[in-house]
Structure formats: structure tokens, C-alpha cells
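Residue-level structure breakdown
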Amino acid sequence: MKELDEQIKSFLQSGDYSAARDFLNNAKEQFKDQWDYWYYLAYTERKIGNLARAEDFCKKSLELMPDSQVANFELGMIYQSKGDYKKAIENIKKVVESFSERTTLPE
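Now for a quick tour of the structure. (Residues numbered from 1 in each chain as written. Predicted model: local features only at pLDDT ≥ 70, side-chain atom pairs only at ≥ 80, totals over all residues. Heavy atoms only, no water.)

1. Describing the overall build of the chain
Within the chain, the secondary structure is distributed over seven helices and zero strands. Beginning at the N terminus, the succession of helices and strands in the chain can be written as α-α-α-α-α-α-α. Over its C-alpha atoms the chain spans a radius of gyration of 13 Å, differing by no more than 12% from the 13 Å that the globule rule assigns to 107 residues. Summarising its shape, the C-alpha atoms of the chain cover approximately 35 × 30 × 25 Å along the three principal directions. A burial count over the chain gives 36% of its 107 residues as buried. A sequence separation of at least 24 residues applies to 47% of the contacts in the chain between residues at least 6 apart. Accessible surface for the chain amounts to roughly 6,800 Å². Of this, 47% is attributable to carbon and sulfur atoms. (Helix = DSSP H or I, 4+ residues; strand = E, 2+ residues; numbered from the N terminus. Rg over C-alpha atoms; globule rule 2.2 N^0.38 Å. Buried < 20%, exposed > 50% of the residue type's maximum accessible area, 1.4 Å probe, protein only. Contact = heavy atoms within 4.5 Å. Areas by Shrake-Rupley, 256 points an atom, 1.4 Å probe, with all protein chains shown as cover.)

Written out as C-alpha cells, the structure reads:
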């Protein structure tokens with residue numbers, strides 16, 4: 001999974017979301033059982049503006065890892081982008097409620 005993380009992060013940091021999506025689509029067979037593969041797809045699709053696909057991918061990520069803070073946050077961001085503020089708040093609250101004194105936030 002480290003290989004996926006390193007490669008995708010370089011695309012995301014440069015803002016090359018189309019290249020990130022292409023990379024992820026090409027890596028599907030290798031990583032499709034990993035929750036963060038679907039999270040990265042959701043994030044990328046949201047950044048491109050494909051909110052329906054982003055929502056589907058994020059829900060797939062959460063099926064595999066329901067307690068993922070980043071995936072729950074991402075789903076909240078997707079709902080916020082769609083104007084569904086009630087669902088956005090519900091997902092963001094899941095993240096906040098899971099914080100502990102040892103929680104660190106991703107960049």
C-alpha cells in the first residue's frame with residue numbers, strides 16, 4: 001500500500017487530479033480491496049467535480065473501513081459540495097467524535 005500512497009500523494013500535491021485518476025484506474029486490480037484506494041478515488045473525483053462518483057467511491061471506502069476518519073471527512077466534504085449540509089455535518093461529527101488526545105490530523 002505504501003507504493004500507492006507515495007505515487008498518489010505526488011499527483012495530489014501537484015494538483016494533477018486527472019493523472020491521479022488515471023493512475024488509480026490503472027491500479028484497480030491491485031488495490032481494489034483496500035479502503036484507501038477508494039478514498040483516493042473519492043477525493044480525486046470530488047476535486048475534478050464528479051460528485052456522484054466521489055460519493056459512490058467514498059461509500060465503498062467506508063464499507064471496507066467504517067471508522068476511517070479521512071473517508072468520513074471526505075464524505076462530509078462531498079455532501080457539503082452538493083449542498084446537503086445536514087449530511088455533511090453528520091459525517092464531520094463522526095470524525096470529531098472519534099478524536100482522542102492522541103489524534104493527529106492529516107495534512
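2. Looking at the packing of aromatic side chains
Here the structure, examined in full by the defined rule, presents six aromatic pairs. With centroids separated by 5.8 Å and ring planes inclined at 45°, the aromatic side chains of phenylalanine 11 and phenylalanine 23 adopt a geometry described as tilted. Here phenylalanine 11 is found in helix 1 (residues 2-14), whereas its partner phenylalanine 23 is found in helix 2 (residues 17-26), with twelve residues between them in sequence. Between the aromatic rings of tyrosine 37 and tryptophan 38, the centroid separation amounts to 5.1 Å while the plane-to-plane angle is 85°, which identifies the pairing as edge-to-face. Of the two residues examined, tyrosine 37 and tryptophan 38, each falls in the buried class. The structure contains a cluster of three or more aromatic residues connected by ring pairs, namely Trp35, Tyr39, Tyr40 and Tyr43. (Phe/Tyr/Trp six-rings, centres within 6.5 Å; stacked < 30°, edge-to-face > 60°.)

3. Focus: helix 5 (residues 51-64)
Under the 1.5 Å per step criterion, the end-to-end length of helix 5 is 20 Å for 14 residues, consistent within 8% with the ideal 20 Å. Buried residues belonging to helix 5 abut helix 4 (35-48) and helix 6 (69-82). (Expected span 1.5 Å × (residues − 1).)

4. Quick notes on the side chain of asparagine 91
By the secondary structure assignment, asparagine 91 is in helix 7 (residues 85-97). Overall, asparagine 91 belongs to the buried group, its relative accessible area being 6%. Those residues in contact with asparagine 91, other than ones at most four positions away along the chain, are Asn72, Leu75, Gly76 and Tyr79.

5. Details of the nonpolar core
Within the largest apolar cluster, 26 residues are counted, with the highest numbers of intra-cluster contacts made by Ile8, Leu12, Leu24, Tyr37 and Tyr40. Listing elements by their share of this core, those giving two or more residues are helix 1, helix 2, helix 4, helix 5 and helix 6. The dominant element in this core, judged by the number of residues it contributes, is helix 4, at seven residues. (Core = buried A, V, L, I, M, F, W, Y, C linked by side-chain atoms within 4.5 Å.)

6. Some thoughts on the pattern of salt bridges
Applying the stated criterion across every chain, the model contains six salt bridges. Of the charged contacts, one joins arginine 21 and glutamate 45 as a salt bridge, the two residues approaching to 3.6 Å between their closest N and O atoms. Of this pair, arginine 21 sits in helix 2 while glutamate 45 sits in helix 4; the two residues are 24 residues apart in sequence, bridging distant segments of the chain. Note on glutamate 45: relative accessible area 0%, which makes it buried. Among the salt bridges present, the one from lysine 59 reaches glutamate 55, with a minimum N-O distance of 2.9 Å. In this pair, lysine 59 and glutamate 55 are both assigned in helix 5, four residues apart and thus about one turn of the helix distant. The exposure class of lysine 59 is partly exposed, given its relative accessible area of 36%. Overlapping salt bridges bring together Arg21, Glu45 and Arg53 as one network. (Salt bridge = Lys/Arg side-chain N within 4 Å of Asp/Glu carboxyl O.)

By themselves these figures say nothing about function.
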